[in-house]
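Examining the three-dimensional arrangement
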Amino acid sequence: MSDPRIHLALRMGDNSLILAQQNSKWCGHAPTLEEDIALANVSLDLMGHAQMWLGFAAEIECEGRNADTLAFFRDTEEFRNSLLVERPNVDFATTLMRQYLFDVWHLEQLLLLSQSSDTLVAEISQKALVEVRYHRERSQSLVIRLGDGTIDSHNRMQEALNALWSYFGSFFEDSKDDELLFDLQTSPMPSSLYPSVLEQLNQDCVLSTLKTPESEFWQKGAVQGHHTENLGYILAEMQYLQRTYPNSKW
Amino acid sequence: MYAQEVKSTGSKPKSLNSMSAKEKAFQEKIDRGQRIEPKDWMPEGYRRTLLRQMGQHAHSEIVGQLPEGNWISRAPTLERKTILLAKVQDEAGHGLYLYSAAETLGKSRDEMTKELLSGRAKYSSIFNYPTLNWSDMGAVGWLVDGAAIMNQVPLQRTSYGPYARAMVRICKEESFHQRQGFDIMMKMSFGSKKQKAMAQDSLNRFWYPSLMMFGPSDSESVHSAQSMAWKIKINFNDELRQKFVDQTAPQAEYLGLTIPDEKLKWNEKTEQYDYSEPNWEEFFEVISGNGPCNTERLAARNKAWDDGEWFRDGLLANSTKNQNSQIAAE
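Figured I'd write up the structure that's included with this text. Please read all numbers here as calculations on a predicted model, not as lab measurements.

Let's talk about the overall build of chain B
Per the secondary structure count, chain B includes 13 helices and two strands. For chain B, whose C-alpha radius of gyration is 21 Å, the value lies close to the compact-globule estimate of 20 Å for 330 residues. Its C-alpha atoms give chain B principal-axis dimensions of about 70 × 60 × 35 Å. The buried share among the 330 residues of chain B stands at 55%. A separation of at least 24 residues holds for 79% of the contacts in chain B among residues at least 6 apart in sequence. Here chain B displays about 14,500 Å² of accessible surface, and carbon together with sulfur accounts for 51% of that area. With 43 positive and 43 negative side-chain charges, chain B shows a spacing of 3 Å between the two charge centroids.

Points about the layout of surface pockets
Of the volumes computed, that of the largest pocket is approximately 410 Å³. Sorting the residues of the lining of the largest pocket by element identifies helix 2 (44-63), helix 6 (135-155), helix 9 (222-229) and helix 10 (237-255) of chain B as the ones contributing at least two each. Per-element tally for the lining of the largest pocket: the top contributor is helix 9 of chain B, with three residues. Its residues assigned to classes, the lining of the largest pocket shows 12 nonpolar, 10 polar and four charged. What lines the second largest pocket is a set of 15 residues, and nearest its centre among them are Trp-26, His-29 and Val-90 of chain A together with Lys-303 and Asp-307 of chain B. The element best represented in the lining of the second largest pocket is helix 12 (residues 294-307) of chain B, accounting for four residues.

Comments concerning the nonpolar core
Grouped together as the largest cluster of nonpolar side chains are 85 residues, with contacts concentrated most on Tyr-46, Trp-134 and Tyr-160 of chain B. The greatest single-element share of this core, amounting to 10 residues, is contributed by helix 6 of chain B. Excluding anything up to four places from it in sequence, Trp-134 of chain B contacts Leu-241 and Trp-250 of chain A together with Trp-71, Ala-75, Pro-76, Arg-80, Leu-84, Ile-184 and Met-188 of chain B. If you look at the next biggest cluster of nonpolar residues, it comprises 77 residues, including Ala-9, Leu-96, Leu-146 and Leu-210 of chain A.

Some remarks on the side chain of Glu-61 of chain B
Residues and elements named next belong to chain B. Position of Glu-61 relative to the elements: it lies in helix 2. One buried charge, Glu-61, has no salt-bridge partner; the nearest side chain with opposite charge is Lys-87, at 8.8 Å. Side chain to side chain, Glu-61 and His-94 meet in a polar contact 3.4 Å long.

A look at the packing of aromatic side chains
Going through the model one piece at a time under the given rule, you end up with 28 aromatic pairs over all chains. Centroid distance Phe-92 of chain A to Phe-311 of chain B: 5.2 Å. Interplanar angle 85°. Geometry classified as edge-to-face. Of this pair, Phe-92 of chain A sits in helix 4 (residues 92-113) while Phe-311 of chain B sits in helix 13 (residues 309-329), placing the two residues on different chains. Take Phe-92 of chain A and Phe-311 of chain B: they sit in the same class, and that class is buried.

Some words on the side chain of Asp-136 of chain B
All names here are of chain B. Locating Asp-136 in the fold gives a position in helix 6. By relative accessible area, Asp-136 is classed as buried at 0%. At 2.8 Å, the side chain of Asp-136 forms a polar contact with the side chain of Arg-205.

Focus: the pattern of salt bridges
Applying the stated criterion to the full structure yields 26 salt bridges over all chains. One salt bridge in this structure joins Glu-23 of chain B and Lys-14 of chain B, with 3.0 Å as the shortest N-O distance. On the basis of relative accessibility, which here comes to 46%, the residue Lys-14 of chain B falls in the partly exposed class. Salt bridges sharing partners connect three or more residues here, namely Asp-3, Arg-5 and Asp-118 of chain A.

Let's talk about empty space enclosed by the protein
Residue and element names in this part refer to chain B. Under the defined criterion, the tally for this structure stands at six cavities of 30 Å³ or more. Roughly 90 Å³ of volume is contained in the largest cavity. What lines the largest cavity is Glu-68, Arg-80, Ile-83, Leu-84, Lys-87, Trp-134, Met-137, Gly-141, His-177, Gln-180, Gly-181 and Ile-184. For the lining of the largest cavity, the secondary structure elements donating two or more residues are helix 4 (78-103), helix 6 and helix 7 (161-189). Split into classes, the residues belonging to the lining of the largest cavity amount to five nonpolar, four polar and three charged.

Focus on the interface of chain B and chain A
Taken together, the contacts link 45 residues of chain B with 48 residues of chain A. Summed over the three residues of chain B that lose the most area to chain A, namely Leu-78, Trp-310 and Phe-311 of chain B, the buried surface amounts to 21% of that side. Counting across the chain B and chain A interface gives two salt bridges. Residue Arg-109 of chain B pairs with Glu-34 of chain A through a salt bridge whose shortest N-O separation is 2.5 Å. The interface formed by chain B and chain A contains 16 residue pairs in polar contact (both at pLDDT 80 or more). Among the elements that make up the side of chain B that touches chain A, the one with the highest residue count is helix 4 of chain B (14 residues).

Brief notes about unusual backbone geometry
Residues and elements named next belong to chain A. For Val-90, which is not glycine, the phi dihedral falls at a positive 55°. Within the element layout of this structure, Val-90 appears in the loop between helix 3 (67-72) and helix 4. The exposure class assigned to Val-90 is exposed, which follows from its relative accessible area of 66%.

Conventions adopted
- Residues numbered from 1 in each chain as written.
- Chains lettered and ligands numbered in written order.
- Predicted model: local features only at pLDDT ≥ 70, side-chain atom pairs only at ≥ 80, totals over all residues.
- Heavy atoms only, no water.
- Helix = DSSP H or I, 4+ residues; strand = E, 2+ residues; numbered from the N terminus.
- Rg over C-alpha atoms; globule rule 2.2 N^0.38 Å.
- Buried < 20%, exposed > 50% of the residue type's maximum accessible area, 1.4 Å probe, protein only.
- Contact = heavy atoms within 4.5 Å.
- Areas by Shrake-Rupley, 256 points an atom, 1.4 Å probe, with all protein chains shown as cover.
- Lys, Arg positive; Asp, Glu negative; His and termini not counted.
- Charge placed at Lys NZ, Arg CZ, Asp CG, Glu CD.
- 1 Å grid on protein atoms, 1.4 Å probe; cavity = no way out; pocket = protein on both sides within 12 Å on 5 of 7 lines; lining within 4 Å.
- Points joined across faces, edges and corners; volume = space filled by probe spheres on them.
- Nonpolar A, V, L, I, M, F, W, Y, C, P; charged D, E, K, R; others polar.
- Core = buried A, V, L, I, M, F, W, Y, C linked by side-chain atoms within 4.5 Å.
- Salt bridge = Lys/Arg side-chain N within 4 Å of Asp/Glu carboxyl O.
- Polar contact = N/O pair within 3.5 Å; in protein donor to acceptor, adjacent residues only side chain to side chain.
- Phe/Tyr/Trp six-rings, centres within 6.5 Å; stacked < 30°, edge-to-face > 60°.
- Buried area = accessible area lost by both parts, 1.4 Å probe.

Structure follows, in structure tokens:
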């Protein structure tokens, strides 16, 4: 049986990688120059986290792979990111709401992982925490201001929240590996994060005048590699050069 | 260059004797190598020419994000993706410094942006060429940033303080970009046959457009003469172009690539390379809107601006609400 920490490392690394990949497509196209720069910064941080987690996964897997081979030579069913981060960019409201929902979960997850019994998991999480605290603060502030901005900005943010909501639940999906990791005190059960994450969302919603959807019918399957259709396109684009010219040095 | 064909006053520079007392004091300050700062008196022609030049420079940085941004999602390794994203982010930062520096001359960033979006303001011709293979990320860094540095390094000594200081920061990052570009060129040129072919193809496509960046010969131009007297232009276009060719030709040789110019040859007498002029007809077509990507580049910038209106309005409305509630509380 494989080391269950691979599952955790892939889950963390793939989330960061796919979100960074999606956000980076805004570079040169954001609504203001400051936003363009800020979003690129967040993507750069996430790329750094992806490299750490995927590097860690490759190391404990001991199959001669590295962060790059994991990123560029796995197919959709081997990716462990949540369904939320692979949702299409659509528009800036969706991109921002996706980032905010991710940040709330990400910060909560890293706070717990930084207390992990596994030294490496704790170390990577502590490094990432410094940046993710800032990500959370930035996206929270934007969501609050746009929710309580114009009627148009409020409606756009609310529509984005509604459209993304059922995919958000994908972060809280448990698996057998999670049970093993929980027993070893390596990581928390994913579902255990939901109450505190929801509480934070509701607090921010008061300030933003947005409303958290009531439904708790979640889209699931990411932990088994069952993704949405969009992931295939994301990977096709991201992996194109490595797949077309294998064994090349770049 | 990032600011090409900058029109000045259209007149020859005045002699010191024919200047008013204010103009004379201003020119003498420049001649002494002192900086002009935003609150200092300046001739209207100086202010307008600088605004045109800095505006074009800033717009070039912003539009310049697009050809390289085109490859971020397809970069072949995590490290290359990170480097490219950071580089394109730097270009946005350069745009920001330059717009801020230009604002000290009394024109807002929004006004300058509207001039770009309507097509009234120009940006460098080079960004209207497409990036077709990964090696273009190397060629853009090596050739395009390399050409830009030729002009930007002397501009650190330009007479207008905010512009000169912005250039100091920009030059540090640009030389880093150029090294990164050359690093990609090395990997491609010394890589597989297919990679080397991509590298050669990039050089073939970017060589002449890079030479065009310096603009046509301007040794007879009254615009350039005035700008040089004001030290907002430091060198003639041909001088910089020659310097660029002399620097780049041996690098191409090192890479084992062929510069697409049969006349390119080291001249023992002049101790510099002889080379062919680019097609200036093509240059004028590109800067007047007929390049291969002009339409897409402007459309992308217009889309970003139009689609982002609700975002900017939303933040503004929120800030006004907060200010009003603060006033009410006081």
